There are 2 protein chains.
Amino acid sequence: MSDTQEHREEPDLPYDVFAKACPSRCTLENVTGRWGALTLGALHEGSLRFNELRRRVDGVSEKMLSQTLHALERDGLVHREAQPTNPPRVDYELTPVGREVAARLLELIHCVEGRMDDVLAARTAYDAHRA
Amino acid sequence: MSDTQEHREEPDLPYDVFAKACPSRCTLENVTGRWGALTLGALHEGSLRFNELRRRVDGVSEKMLSQTLHALERDGLVHREAQPTNPPRVDYELTPVGREVAARLLELIHCVEGRMDDVLAARTAYDAHRA
DNA sequence: CTGTATCCTTCTTGATACTG
DNA sequence: CAGTATCAAGAAGGATACAG
């Protein structure tokens, strides 16, 4: 009865994505964004080079991949390892925190993939009910 | 050796978010999008009315909440229950599939919230290294 | 209360070209 | 190979007004 908010099971956590100004919401967006989620998912299988990532994350442009990797590196989820060779070789891999986040993300991804038949059926029904 | 792609642990799944044209990528975006993730997270705690949701998902506009709810309903993740009273009362709740997805989503959210101290420290270090 | 419709601004994204 | 810079198009989002 000390708290006016009864929503959370863990009301003592200092960060709350449901609050507009909380930095955790920003990080969640980096993680779940269109390219962030796929990039983390791809890297969970092992370290990859820039163009390997580009091929794995089908449809991403150089610009967006670069931007996404910078954001994830800044948040300490991805580590960038550049070797001063010629031609240059740069490997990207998950940090320990990145691995934890990516593991949860992959569970979500696999859950969605595994339920797509239901989702597609629901869409068909929804669209039919409107026509 | 029947498959040229060695990335997935479950190569037989018919849906793959890493493929550009796969409908699962679209659904994943509805689920992990800026407002979709928070809406599903909020509804995991129980059914909510439109304006209750609006207050819980801090910062969302009427328009975006409406749009988000329609997309989630179409994908069969959210059920809309309208009561023909006056004033109108509409409750939104997760479907069984929606609950499964939201559960994974909340694990991800809690993971991110729980690691924010590391994330913020990484950001500070990253930014300092650039100044 | 529960939305829809419209306008208008901002942010995101993709294409292209270029550098080390 | 591994990016960065620039620009134009489009999507996303917010504010406001209005309807059932």
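First, a word on scope: everything that follows refers to the structure included in this document. (Residues numbered from 1 in each chain as written. Chains lettered and ligands numbered in written order. Predicted model: local features only at pLDDT ≥ 70, side-chain atom pairs only at ≥ 80, totals over all residues. Heavy atoms only, no water.)

## Section: the environment of T85 of chain B
Residues and elements named next belong to chain B. Checked against the element boundaries, T85 lands in the loop between β2 (78-83) and β3 (89-94). Note on T85: relative accessible area 42%, which makes it partly exposed. Among the polar contacts made by the side chain of T85, one reaches the main-chain carbonyl oxygen of P87 at a distance of 2.9 Å. (Helix = DSSP H or I, 4+ residues; strand = E, 2+ residues; numbered from the N terminus. Buried < 20%, exposed > 50% of the residue type's maximum accessible area, 1.4 Å probe, protein only. Polar contact = N/O pair within 3.5 Å; in protein donor to acceptor, adjacent residues only side chain to side chain.)

## Let's talk about the relation of the copies chain B and chain A
Laying chain B over chain A is done by rotating through 180° and shifting 0.0 Å along the axis; what remains is an RMSD of 0.0 Å. Taken together, the rotation angle and the small translation identify this as a two-fold axis. Scanning chain B for the C-alpha nearest the rotation axis identifies T32 of chain B, at a separation of 2.7 Å. Interface overlap between copies: 100% of the residues of chain B at the interface are likewise at the interface in chain A, consistent with a symmetric, same-surface contact. (Least-squares fit on C-alpha atoms with pLDDT ≥ 70 in both. Contact = heavy atoms within 4.5 Å.)

## Observations regarding the protein's contact with DNA strand C
Around DNA strand C lies a shell of 19 residues, among which K63 of chain A together with R49, S66, R80 and Y92 of chain B are the nearest. Backbone sugar and phosphate groups make up 57% of those atoms of DNA strand C lying within 4 Å of the protein. The separation between a phosphate oxygen of DNA strand C and a polar side-chain atom of R49 of chain B is 2.9 Å. Contributions of two or more residues to the surface near DNA strand C are made by α2 (34-43) and α4 (62-74) of chain A together with α3 (50-56), α4 (62-74) and β3 of chain B. Among the elements that take part in the surface near DNA strand C, α4 of chain B stands out by supplying four residues, more than any other. Broken down by class, the residue content of the surface near DNA strand C amounts to eight nonpolar, four polar and seven charged. (Near = heavy atom within 4 Å. Nonpolar A, V, L, I, M, F, W, Y, C, P; charged D, E, K, R; others polar.)

## Topic: the pairing of β2 of chain B
Residue and element names in this part refer to chain B. Inspection of the sheet shows β2 paired to β3 by six bridges, in the antiparallel sense. Bridged to V78 within β3 is L94. Connecting the antiparallel pair β2 and β3 is a turn made up of five residues. (Pairing = 2+ DSSP bridges.)

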